[in-house]
Amino acid sequence: MKKGLHGYAALFCGKDSGMRIDKFLKVSRLIKRRTVANDACDAAHISVNGKVVKASYDVKVGDVIAITFGEKTLRVRVTDVRESTKKADAAELYEVVGE
């Protein structure tokens, strides 16, 4: 069984099952493309637990993500973190807590 360096680094550094927020937003289908998610973070449209975050922020289960689209803000709680998921299962990664 092969493991990439990233997998071993996570084991040795004690890093939990976090994922970059730009990747999570793409995998969960909250934002269609990772580059758009990255741009949204750079423009301070994404916050986690009340704090504006950069694209490199590691999302963890239980985090509350707020995404601002113009006048509207979508708030979701992270329920699972997966490297990939099918389109039909993407909504299982979060629950909407406010719009």
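Calculation rules
Residues numbered from 1 in each chain as written. Predicted model: local features only at pLDDT ≥ 70, side-chain atom pairs only at ≥ 80, totals over all residues. Heavy atoms only, no water. Helix = DSSP H or I, 4+ residues; strand = E, 2+ residues; numbered from the N terminus. Buried < 20%, exposed > 50% of the residue type's maximum accessible area, 1.4 Å probe, protein only. Contact = heavy atoms within 4.5 Å. Areas by Shrake-Rupley, 256 points an atom, 1.4 Å probe, with all protein chains shown as cover. Pairing = 2+ DSSP bridges. Arc of directions from axis to C-beta. pLDDT = per-residue confidence, 0-100.

A. Quick look at the overall build of the protein chain. Within the protein chain, the secondary structure is distributed over three helices and seven strands. For the protein chain, the N- to C-terminal ordering of α and β elements is α-β-α-α-β-β-β-β-β-β. A burial count over the protein chain gives 31% of its 99 residues as buried. The long-range share in the protein chain, meaning contacts at least 24 apart out of those at least 6 apart in sequence, stands at 38%. Taken as a whole, the protein chain presents about 6600 Å² of accessible surface, with 53% of it coming from carbon and sulfur.

B. View of the sheet that holds strand 3 (residues 51-52). Strand order in the open sheet formed by five strands is 3-2-5-6-7, and the pairing between neighbours is antiparallel. Two strands close off the open sheet at either side, each with one partner strand: strand 3 and strand 7 (94-98). Looking at chain direction, strand 2 (residues 46-48) and strand 3 are connected through two bridges and run antiparallel. Each residue of the ladder has a partner; that of valine 48, found in strand 3, is lysine 51.

C. Molecular detail of helix 3 (residues 34-42). Buried within helix 3 we find Ala37, Ala40 and Cys41. For helix 3, the arc enclosing every buried residue in end-on projection is 100°, short of the 170-degree limit, so these residues lie on one face. Exposed positions of helix 3 whose direction lies more than 90 degrees from the buried face are Thr35, Asp39 and Asp42. The elements touched by buried residues of helix 3 are helix 2 (21-27) and strand 2. Looking one or two residues past helix 3, alanine 44 carries a phi angle of roughly 65°, positive in sign.

D. Local environment of the confidence of the model for the protein chain. Per-residue pLDDT for the protein chain has a mean of 85; in total, 83% of the residues score no lower than 70. Ignoring residues within four places in sequence, the model shows residues 1-5, a span with pLDDT below 50, making two contacts including any to other chains. Here residues 7-15 is a poorly scored stretch, pLDDT under 50, and it has five contacts once near neighbours within four places are set aside; other chains count.

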